[in-house]
Amino acid sequence: MDGHAIHEQIKKTDFAGTPLIIGSNWEKILARELGAHFVNVSYPMVEKLVVNAHLAGYSGGLHLLEEIYTVAMSKLKL
């Protein structure tokens, strides 16, 4: 399956809430269309510089959790 077909399948899915999309800047456009939470974890990354971070292993998992939490909290209306 190519990226376009995958994006079309995601657009057809009923998430019963706000979806979380984890991917690259290509998925950021899709996330914006769906009003989804978005975490950029792979290249291409346009507005993010990664020098010393990883998403593998225990500490990488904690870093990913921080990213997801930050994105989810940024959409809350307080």
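Residues numbered from 1 in each chain as written. Predicted model: local features only at pLDDT ≥ 70, side-chain atom pairs only at ≥ 80, totals over all residues. Heavy atoms only, no water.

K.L.:
Help me get a handle on the layout of surface pockets, residues and values and all.
P.N.:
A volume near 200 Å³ is recorded for the largest pocket. Residue lining of the largest pocket: 13 residues in total, with Lys28, Phe38, Val39, Asn40 and Val71 positioned closest to the centre. Counting residues per element, the ones that place at least two in the lining of the largest pocket are helix H2 (25–34), strand S2 (37–40) and helix H3 (57–74). Looking at the lining of the largest pocket residue by residue, the class counts come to five nonpolar, two polar and six charged. (1 Å grid on protein atoms, 1.4 Å probe; cavity = no way out; pocket = protein on both sides within 12 Å on 5 of 7 lines; lining within 4 Å. Points joined across faces, edges and corners; volume = space filled by probe spheres on them. Helix = DSSP H or I, 4+ residues; strand = E, 2+ residues; numbered from the N terminus. Nonpolar A, V, L, I, M, F, W, Y, C, P; charged D, E, K, R; others polar.)

K.L.:
Explain the pattern of salt bridges residue by residue, including any values.
P.N.:
Scanning the entire structure with this criterion turns up two salt bridges. Salt-bridge contacts for Glu33 lead to Lys11; the nearest nitrogen and oxygen are separated by 3.1 Å. Taken as a pair, Glu33 in helix H2 and Lys11 in helix H1 (residues 3–12) lie far apart in primary sequence, 22 residues in all. (Salt bridge = Lys/Arg side-chain N within 4 Å of Asp/Glu carboxyl O.)

K.L.:
Run through the nonpolar core, naming residues and quoting values.
P.N.:
Grouped together as the largest cluster of nonpolar side chains are five residues: Ile21, Leu30, Ala31, Ala36 and Phe38. Contact partners of Ala31, with chain neighbours within four places excluded, come to Ile21, Ala36, His37 and Phe38. (Core = buried A, V, L, I, M, F, W, Y, C linked by side-chain atoms within 4.5 Å. Buried < 20%, exposed > 50% of the residue type's maximum accessible area, 1.4 Å probe, protein only. Contact = heavy atoms within 4.5 Å.)

K.L.:
Residue-level account of the pairing of S2, with values.
P.N.:
The alternating pattern of S2 places His37 and Val39 and Phe38 and Asn40 on opposite faces, both of which are buried. The parallel pair strand S1 (residues 20–23) and S2 is bridged by H2, and the resulting crossover is right-handed. (Right-handed = clockwise from strand over helix to strand, strands pointing away.)

K.L.:
An account of H2 is needed here, citing residue identities and associated values.
P.N.:
Among the residues making up H2, those that are buried are Asn25, Leu30 and Ala31. Immediately beyond the C-terminal end of H2, within one or two residues, lies Gly35, with a positive phi of roughly 70 degrees.

K.L.:
Help me get a handle on a nonpolar patch on the surface, residues and values and all.
P.N.:
Taken together, the side chains of Tyr58, Leu62 and Leu65 make up a nonpolar region of the molecular surface, amounting to roughly 370 Å² of accessible area. Looking at the element boundaries, Leu62 is found in helix H3. (Patch = residues over 30% accessible without salt bridge, like charges linked within 9 Å, V, L, I, M, F, W, Y side chains within 5 Å. Areas by Shrake-Rupley, 256 points an atom, 1.4 Å probe, with all protein chains shown as cover.)

K.L.:
Go over the packing of H1 against H2 with me, naming the residues and quoting the values.
P.N.:
The contact between H1 and H2 brings their axes to 11 Å, and the two run at 20 degrees. In this view, H1 runs roughly parallel relative to H2, as classed from their interaxial angle. Of the two elements, H1 crosses H2, and the hand of that crossing is right-handed. For the pair formed by H1 and H2, the contact residues are His7, Ile10 and Lys11 on the first element and Trp26, Glu27, Leu30, Glu33 and Leu34 on the second. A breakdown of the residues in the contact of H1 with H2 according to their chemical character gives four nonpolar, one polar and three charged. (Axes fitted to C-alpha atoms, helices over the stretch in contact; angles between N-to-C directions. Parallel < 35°, antiparallel > 145°, perpendicular 65-115°, else oblique. Left-handed = near helix turned anticlockwise from the far one by under 90°.)

K.L.:
Help me get a handle on the pairing of S1, residues and values and all.
P.N.:
A regular strand places its side chains so that they alternate between the two faces of the sheet. Side chains Ile21 and Gly23 project from S1 onto a buried face, and the interleaved Leu20 and Ile22 project onto a face without burial. As defined by bridge partners, S1 adjoins S2 across four bridges and the pair is classed as parallel. By the bridge assignment for S2, Leu20 is matched with His37. (Pairing = 2+ DSSP bridges.)

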